[in-house]
Amino acid sequence: MRSTLLFAGPAGCLAAGLAAPAAAGEVDRFVESNLLAALYHEIGHAVIDGYTLPIYASEEDAADTFSALLIHAWHDEAEAMAMVRDTALAFRGEDALRVEDGQELAFWSIYAPDLQRAYDAVCLVYGAAPERRAALLSDPGLPDERAQFCADEFDLAWSSWEPVLDDLATLREVGEGSVPSLDIQVALAPRIERALVSAVTRIGGAVHLPMPVRIEVALCGEANAFYDYDHDTILMCREYIDHFAVLAEVMGIRDHTDCGSDHVGRKSDRLRRKDCSDDR
Ligand SMILES: [Zn+2]
């Protein structure tokens, strides 16, 4: 239940993106953004577990907050802006699929509604630097009624997590704790594999976790991702990677390459998503 989202684009298209060493296509970027955000969310669960942190509200909200803070803190300005936009669009895509499926909002869920999660992520990243991130108010969008509180929301979230992040950084500095390991058990598009390796290397270069955590990428039979509290393992499902590409299509994100026909051909795949695809 405590999980993450992965995604990936149509394999053929991703492979084509790799063949062209130029800049990533829009779909690739969208997928990588959401893959990273989802991984950060799962790392958040692992940190909560490793330190037995007190969480005074929903743990899923706390993991979302952890992810948004890392988007702000671990990426340059352009990356952070793109990532939070892509994350918000993915949540909007989930909501669009829900509507398309005729499903009611699952207010019983351990997760906040997708649109709420989108606004929450944008609010935190915007609130971290309102003076230079005002563009987020219109793209992906955040009403003034919420935006006015975001700086304070960020300050509270940062003050809550900063001691933890400092401790994780100290573990790395003194050579204690563990770098998460990555175990890819299924074929991935090369670009996605590189993004995962890069992300895990980046995490290990910034912090050590209090216990060994294994990140597995495998076929799961469902589009989802999980943090296993019993085995300190993050499971990122390959199916989830495909789901991110579906969300890109739902939100009208297209590459300006000859991959376009591949995307069109996947339209019927929209409904192949899982029921709890917001389990990041
Ligand atoms: Zn979660």
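Just above, that's the structure.
Source: prediction; values computed, not measured. Within each chain, residues carry numbers counting from 1 in the order of the written sequence. Owing to the predicted nature of the model, reporting of local features is limited to residues with pLDDT of at least 70; listing and counting of side-chain atom pairs is limited to 80 or more, with chain, interface and lining totals taken over all residues.

Regarding the nonpolar core
Thought 1: Residues Val84, Val122, Leu124, Val125 and Phe244 are the most contacted members of the largest nonpolar core, which totals 73 residues.
Thought 2: For the purposes of this entry, the term helix denotes a DSSP run of H or I that reaches at least four residues, the term strand denotes a run of E that reaches at least two, and both are numbered from the N terminus. If one sorts the elements of this core by residue count, helix α2 (residues 26-51) sits on top with 13 residues.
Thought 3: In contact with Leu124, not counting residues within four places along its chain, are Thr65, Ala68, Leu69, Cys150, Glu153, Phe154 and Ala157. For our purposes the nonpolar core covers buried Ala, Val, Leu, Ile, Met, Phe, Trp, Tyr and Cys residues that link as a set through C-beta atoms within 7 Å. The exposure scheme places C-beta atoms from the backbone and then counts, for each residue, the other C-beta atoms within 10 Å of its own, assigning buried at 20 or more, exposed at 12 or fewer, and partly exposed in between. Two residues qualify as a contact pair if the distance between their C-beta atoms, derived from the backbone, is within 7 Å.

Comments concerning the pairing of strand β2 (residues 214-218)
Thought 1: When DSSP finds two or more bridges between a pair of strands, those strands are recorded as paired. Relative to β2, strand β1 (residues 181-184) runs parallel, the two sharing four bridges. Residue pairing across strands places Ile184 opposite Val217, the latter belonging to β2.
Thought 2: Taken together, β1, helix α7 (residues 190-206) and β2 constitute a β-α-β crossover, and its handedness is left-handed.
Thought 3: With five bridges joining them, β2 and strand β4 (residues 233-237) adopt parallel strand pairing. Its bridge partner being in β4, Val217 is matched across the sheet by Met236. With strands facing away from the observer, any crossover in which the path from the first strand over the helix to the second runs clockwise is taken as right-handed.

Details of the sheet that holds β4
Note on sheets: strands pair through backbone hydrogen bonds, and any given pair is parallel or antiparallel.
Thought 1: Pairing is mixed in the open sheet, where four strands are placed in the order β1-β2-β4-β3. Sheet topology places β1 and β3 (225-228) at the edges, where each strand pairs with a single neighbour. On average, adjacent strands in this sheet sit at an angle of 15° to one another, irrespective of strand direction.
Thought 2: Helix axes use the C-alpha atoms of the stretch in contact, all axes being lines fitted to C-alpha atoms, and the angles between their N-to-C directions lie in the range 0 to 180 degrees. Strands β3 and β4 of the sheet are contacted by α2, whose axis makes an angle of about 20° with β3.
Thought 3: Of the strands in this sheet, β1 and β2 touch α7, which is tilted by about 165° from β1.

Observations regarding the environment of Leu105
Thought 1: Positionally, Leu105 belongs in the loop between α4 (77-101) and α5 (114-128).
Thought 2: In this structure, the C-alpha to C-alpha distance between Leu105 and Asp95, residues ten residues apart in sequence, is 8.7 Å.

So, the packing of α2 against helix α3 (residues 59-73)
Thought 1: Running from N to C, α2 and α3 point in directions that differ by 120°, and their axes come no closer than 8 Å. Judged by the angle between their axes, α2 and α3 are oblique. Judged by the sense of rotation from one axis to the other, the crossing of α2 with α3 is right-handed. Residues Ala37, Tyr40, His41, Gly44, His45, Val47 and Ile48 of α2 form the contact with α3, whose own contacting residues are Glu59, Ala62, Ala63, Asp64, Phe66, Ser67, Leu70 and Ile71. Roughly parallel means an angle under 35 degrees; roughly antiparallel, over 145; roughly perpendicular, 65 to 115; everything else is oblique. Two helices crossing with the near one rotated counterclockwise from the far one by less than a right angle form a left-handed crossing, whereas a clockwise rotation gives a right-handed crossing.

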